[in-house]
Amino acid sequence: MAYSIASLIAGLVFGFGLILSGMANPEKVLGFLDLAGQWDPSLALVMAGAIVIGVFAFQWAGKRPMTFFGREFSIPNKTSIDKRLVVGSLMFGAGWGIAGFCPGPAMVALGAGEQKAFVFVLAMVAGMMIFEVAEKLRAPA
Amino acid sequence: MMDIAWAQFTPWTALAGGALIGAAAAILLLFNGRIAGISGILGSLLTTRGSDLPWRIAFISGLLLAPLLWLLAAERPAIEINAGYPALISAGLLVGIGTRYGSGCTSGHGVCGLSRFSMRSLVATLSFMGAGFVTVYIIRHLIGGA
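Remember, predicted model here, so these are calculated numbers, not experimental data.

Basis of the calculations
Residues numbered from 1 in each chain as written. Chains lettered and ligands numbered in written order. Predicted model: local features only at pLDDT ≥ 70, side-chain atom pairs only at ≥ 80, totals over all residues. Heavy atoms only, no water. Axes fitted to C-alpha atoms, helices over the stretch in contact; angles between N-to-C directions. Helix = DSSP H or I, 4+ residues; strand = E, 2+ residues; numbered from the N terminus. Parallel < 35°, antiparallel > 145°, perpendicular 65-115°, else oblique. Left-handed = near helix turned anticlockwise from the far one by under 90°. Buried < 20%, exposed > 50% of the residue type's maximum accessible area, 1.4 Å probe, protein only. Contact = heavy atoms within 4.5 Å. Buried area = accessible area lost by both parts, 1.4 Å probe. Salt bridge = Lys/Arg side-chain N within 4 Å of Asp/Glu carboxyl O. Expected span 1.5 Å × (residues − 1). Polar contact = N/O pair within 3.5 Å; in protein donor to acceptor, adjacent residues only side chain to side chain. pLDDT = per-residue confidence, 0-100. Phe/Tyr/Trp six-rings, centres within 6.5 Å; stacked < 30°, edge-to-face > 60°. Lys NZ or Arg CZ within 6 Å of the ring centre and 35° of its normal.

Next up on the list: the packing of helix α6 (residues 115–138) of chain A against helix α4 (residues 85–101) of chain B. Viewed as axis vectors pointing N to C, α6 of chain A and α4 of chain B meet at an angle of 40°, and their least axial separation amounts to 7 Å. Classified by the angle their axes make, α6 of chain A and α4 of chain B are oblique. Between α6 of chain A and α4 of chain B the crossing geometry is right-handed.

Here you go:
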């Protein structure tokens, strides 16, 4: 239960951060991605603000054997830089550039009742399902 | 050389909002030991069963509820979506497939990965940022001509 409450709070705070920063607004995101137009550098500062806090958090976590709840840390240990990583990220970036939505802001805009965000999230979840099916077909049965 | 949109530039809310995003990632990490990677949390809802399911649902619920709680204390946030439906659907498919193949999005690679100095996440972040810049250039300046 405590585990889910911490997670709910993290989701809420994350959502507030996306709203306050302007990330939840696709038009602002596209203003950042449009280097050749009237460029809005704001989102670089969103990343900077998040990473400054993030660095402290990961340093702190690195010094602890367990979390505050006495759980083990589950941190990705993959280091390989492969085709999947790069091609997947390029696809994601292309989609991000088309609509101005990445997954978090799309969920926030959906929560705000935006119909277009609902359509985007449906397509995104469909894309995630396509990935799962493709992975199943790839894996030896 | 660069044309900065000073009227749209919002450095303080960007930094403060970013700090909140970092704080959220810190909560999930320091209490639950998990990475706040939204595409991963959402995507694995499709296959996860058992004890790993509730915290994922709780996190996504937080994201969905945030704008509703926000409205209790502040004015309606600006959410301007100019893409049409065909664009939204193709973008959604690309984001869904791409983030799962690339094992992360702006939050998992961009915020958490860079915060722990992961080379893998740096490569992913440069890839999706680069693709985002190029895509917007093509749409706005080569096709759109605006």
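Right, let's talk about the environment of Lys83 of chain A for a bit. All names here are of chain A. On the secondary structure map, Lys83 appears in helix α4 (residues 83–99). The exposure class of Lys83 is exposed, given its relative accessible area of 69%. For the pair Lys83 and Glu132, spaced 49 residues apart in sequence, the C-alpha separation works out to 18 Å.

A separate point is the interface of chain A and chain B. On the side of chain B, 106 residues touch chain A, which itself brings 105 residues to the contact. Between chain A and chain B lies a buried interface of about 10,100 Å² when both sides are counted; carbon and sulfur atoms form 75% of it. In terms of surface lost to chain B, no three residues of chain A exceed Phe14, Phe58 and Lys116 of chain A, which account for 7% of the buried area on that side. Counting every contact that joins chain A to chain B gives 4 salt bridges. In this structure, Asp34 of chain A and Arg140 of chain B form a salt bridge, with 3.2 Å as the shortest nitrogen-oxygen distance.

What follows is about helix α5 (residues 106–115) of chain B. Within α5 of chain B, 10 of the 10 residues are buried, leaving the element largely enclosed by the surrounding structure. All of the buried residues along α5 of chain B are Thr106, Ser107, Gly108, His109, Gly110, Val111, Cys112, Gly113, Leu114 and Ser115 of chain B. Looking at the buried positions of α5 of chain B, the neighbouring elements they touch are α1 (2–21), α3 (42–62) and α4 of chain A together with α1 (11–32), α2 (38–43) and α6 (119–143) of chain B. Count one or two residues on from α5 of chain B and you reach Phe117 of chain B, which has phi positive near 55°.

Spacing of three or four residues puts side chains on the same side of an α-helix, whose turn is 3.6 residues. Taking 1.5 Å per residue as the helical rise, α4 of chain B with its 17 residues ought to reach 24 Å, and the 24 Å between its terminal C-alpha atoms agrees with that figure. Residues of α4 of chain B that are buried: Leu88, Ala91, Gly92, Val95, Gly96, Ile97, Gly98, Thr99 and Arg100 of chain B. Elements in contact with the buried residues of α4 of chain B: α4, α5 (103–111) and α6 of chain A together with α2 of chain B. A positive backbone phi angle near 60° is found at Ser103 of chain B, which sits one or two residues after α4 of chain B.

A separate point is the side chain of Asp34 of chain A. As for its placement among the helices and strands, Asp34 of chain A is situated in the loop between α2 (26–33) and α3. Within the structure, Asp34 of chain A has its side chain in polar contact with the side chain of Arg140 of chain B (distance 3.2 Å). If we skip the residues at most four places from it in the chain, Asp34 of chain A touches Trp39 of chain A together with Val136, Arg140 and His141 of chain B.

Looking now at the pattern of salt bridges. Overall, the coordinates contain 9 salt bridges over all chains when judged by the stated rule. Through salt bridges with shared partners, one network takes in Glu27 and Asp34 of chain A together with Arg140 of chain B.

Moving on, we come to the confidence of the model for chain B. Per-chain confidence: chain B averages 94 in pLDDT, with 98% of residues scoring 70 or above. The ipTM assigned to the predicted complex is 0.96, against a pTM of 0.96.

All right, on to the packing of aromatic side chains then. In total, this model carries 13 aromatic pairs over all chains according to the counting rule given. For the pair Phe68 of chain A and Phe31 of chain B, a centre-to-centre distance of 5.0 Å together with 70° between the ring planes defines the contact as edge-to-face. Here the residue Phe68 of chain A occupies a position in the loop between α3 and α4, and Phe31 of chain B occupies one in helix α1, the pair thus bridging two chains. On the accessibility criterion, Phe68 of chain A (33% relative accessible area) is partly exposed. Its relative accessible area of 29% is what places Phe31 of chain B among the partly exposed residues. Above the ring of Tyr3 of chain A, the side-chain terminus of Arg71 of chain A is found at 3.8 Å from the ring centroid.

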